[in-house]
Amino acid sequence: MEKLRNLSLKKTLVLYLAAGLVIGFFLSALLVMSANYVQQQIWWKYVDQEVYLEAMNRGGENYEVVVARPPLETMSASDGRISELCDVLDTYGILVISMAASCLAVYLFYRNKLQKPLAILREASRKIGANQLDCPVIYENRDEMGQLCREFETMRCQLEENNRKMWRMVEDEKALRAAIAHDIRSPLAVLRGYQEMLLEFVPQGCLDQRQTEEILRDGMGQLDRLDGFIETMRRLTRLEDRPLQLAATTGKKLEAKIRKSAGALAREAGKSCQVTSQCGMEEFRVDEEVILEVAENLLSNALQYAAKEARARLFLQKGELVLLVTDDGCGFSEDTETVTRAFHRGNVRDSLQHFGLGMYISRVYCEKHGGTLLTENGKEGGAAVRASFKIS
């Protein structure tokens, strides 16, 4: 039964038609034989039975006596109609029953092989048209319709993922506009205040040279902040379009490069950082620059919030290279979606130190490399960030 259910549509249709024609043949033969028998019984009533019985007795076992067809006028009206009906059945019975059997076979084929998956696809199309992308398309048969349903499910999942990315882009765009309004307004307001101060007090001679130079230096600092913001925005616009450049490497080589960057970041933060690898010398192809940038972003973030120490571990798992970064800080107070949003800052003081793009850039690079970026709080406290990259 399982094999029959998973047969291809072509084979199933041939099987249904063959079965229908065989059954139709036997039914036709039975119908013709029955019609002939009924007709012979009717004719027998209108012949000289003694003559026929005598002829049969003389002929013996191998002698067949056929009852002759009596004239229609000699038969009763009902017997005449039944006899003519038997003629029709004898002539056209095989054709009619064969056609009926073929039609029944096609109907059963449609009901058993097409009706359910078509209904599933029709309902899925309606829901997708209504933007309801959270309803899976499930059909267990492994025939062509099952394959079509699975491909439809793949399309639905891709649409759901694209929809999720689109909404994330909309949210990031909102965050971008808010960041532009905030990060440009603040230094501009400071610069305006400095300019008003200089215009008011310099003509009056109320500011000495040291005070004037201090105001100008602070103004240059605000201009540098604006330059940094513009450069960050320019880098962000190029982020999605950056192509992957896969090259052969090993876990040991990546560990050495990440350890070098981690050492510099740890010295700057005044904390310690441990880097380990469980990849060995196995060779695989990845975009090394992407992985190193993600590692630097995650380690910089971990060292910023760590109490004393941050740790990074590289390992291979199910066709992916995984970088696990942990710290002994206070952990995350928000979910992954919020933490990895563009321009997200853990606290107000962060806006004075960075633009909140490290986790967002890391998430984009992980997804571009076929992986994911997940955050959680460790069982013993602190934060844990798991970045995965598909390898080849």
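This report concerns the structure included in the present document. It should be emphasised that the depicted structure is a prediction, and the values quoted were computed from it without experimental measurement.

### Quick word on unusual backbone geometry
Moving on, step 1. In this structure, Asn-131 is a non-glycine residue whose phi angle is positive, near 65 degrees.
Moving on, step 2. Looking at the secondary structure, you find Asn-131 in the loop between α4 (77-129) and α5 (144-201).

### Details of the pattern of salt bridges
Moving on, step 1. Tallied over the entire structure, the rule returns 12 salt bridges.
Moving on, step 2. We note a salt bridge from Glu-161 to Arg-164, for which the minimum N-O separation is 2.4 Å. Note that Glu-161 and Arg-164 are positioned in helix α5 at a spacing of 3 residues, about one turn of the helix.
Moving on, step 3. In this structure, a network of salt bridges that share partners links the residues Glu-153, Arg-156 and Glu-160.

### Quick notes on the packing of aromatic side chains
Moving on, step 1. Going through the model one piece at a time under the given rule, you end up with 2 aromatic pairs.
Moving on, step 2. Arranged with centres 6.2 Å apart and planes meeting at 75 degrees, the rings of Tyr-16 and Phe-109 form a pair that is edge-to-face. Of this pair, Tyr-16 sits in helix α2 (residues 9-44) while Phe-109 sits in helix α4, and the two are 93 residues apart along the sequence.
Moving on, step 3. Note on Tyr-16: relative accessible area 18%, which makes it buried.
Moving on, step 4. On the numbers, 5.6 Å between centres and 75 degrees between planes, the contact of Phe-25 with Phe-26 is edge-to-face. The pair Phe-25 / Phe-26 is uniform in exposure class, with both members exposed.

### Some words on the environment of Met-359
Moving on, step 1. Tracing the sequence through the fold places Met-359 in helix α10 (residues 358-368).
Moving on, step 2. Met-359 sits 14 residues away from Leu-373 along the chain, and the two C-alpha atoms are 8.8 Å apart.

### A short note on the pairing of strand β7 (residues 383-390)
Moving on, step 1. The buried count for β7 comes to 6 of 8 residues, which makes it a mostly enclosed element.
Moving on, step 2. Of the pairings in the sheet, the one linking strand β5 (residues 320-327) to β7 comprises 7 bridges and is antiparallel in character. From the neighbouring strand, Val-322 faces β7, where its bridge partner is Ser-388.
Moving on, step 3. Of the strand pairs in this sheet, strand β6 (residues 373-377) and β7 are connected by 5 bridges, and their pairing is antiparallel. Bridging from a neighbouring strand, Asn-377 pairs with Ala-383 of β7.
Moving on, step 4. Counted between consecutive antiparallel strands, the loop separating β6 from β7 contains 5 residues, among which Gly-381 sits at a positive phi close to 95 degrees.

### Examining α2
A turn of α-helix holds 3.6 residues, and therefore any two residues three or four places apart point the same way.
Moving on, step 1. Relative to the 52 Å expected for 36 residues at 1.5 Å per residue, α2 spans 52 Å between its end C-alpha atoms, a close match to the ideal helical length.
Moving on, step 2. For α2, the complete set of buried residues consists of Leu-9, Thr-12, Tyr-16, Gly-20, Gly-24, Ser-28, Val-32, Ala-35, Gln-39, Ile-42 and Trp-43.

### A word on the packing of helix α7 (residues 251-269) against helix α8 (residues 288-305)
Moving on, step 1. Close contact between α7 and α8 brings their axes to 10 Å; oriented N to C, the two are set at 30 degrees. Relative to α8, the element α7 is oriented roughly parallel. Two packed elements cross with a definite hand, and for α7 against α8 that hand is right-handed. Judged by residue contacts, Leu-254, Lys-257, Ile-258, Ser-261, Ala-262, Leu-265, Ala-266 and Ala-269 of α7 engage Glu-288, Ile-291, Leu-292, Ala-295, Glu-296, Leu-299, Ser-300 and Leu-303 from α8.
Moving on, step 2. Among the residues forming the contact of α7 with α8, the class breakdown is 11 nonpolar, 2 polar and 3 charged.

Cut-offs applied
- Residues numbered from 1 in each chain as written.
- Predicted model: local features only at pLDDT ≥ 70, side-chain atom pairs only at ≥ 80, totals over all residues.
- Heavy atoms only, no water.
- Helix = DSSP H or I, 4+ residues; strand = E, 2+ residues; numbered from the N terminus.
- Salt bridge = Lys/Arg side-chain N within 4 Å of Asp/Glu carboxyl O.
- Phe/Tyr/Trp six-rings, centres within 6.5 Å; stacked < 30°, edge-to-face > 60°.
- Buried < 20%, exposed > 50% of the residue type's maximum accessible area, 1.4 Å probe, protein only.
- Pairing = 2+ DSSP bridges.
- Expected span 1.5 Å × (residues − 1).
- Axes fitted to C-alpha atoms, helices over the stretch in contact; angles between N-to-C directions.
- Parallel < 35°, antiparallel > 145°, perpendicular 65-115°, else oblique.
- Left-handed = near helix turned anticlockwise from the far one by under 90°.
- Contact = heavy atoms within 4.5 Å.
- Nonpolar A, V, L, I, M, F, W, Y, C, P; charged D, E, K, R; others polar.

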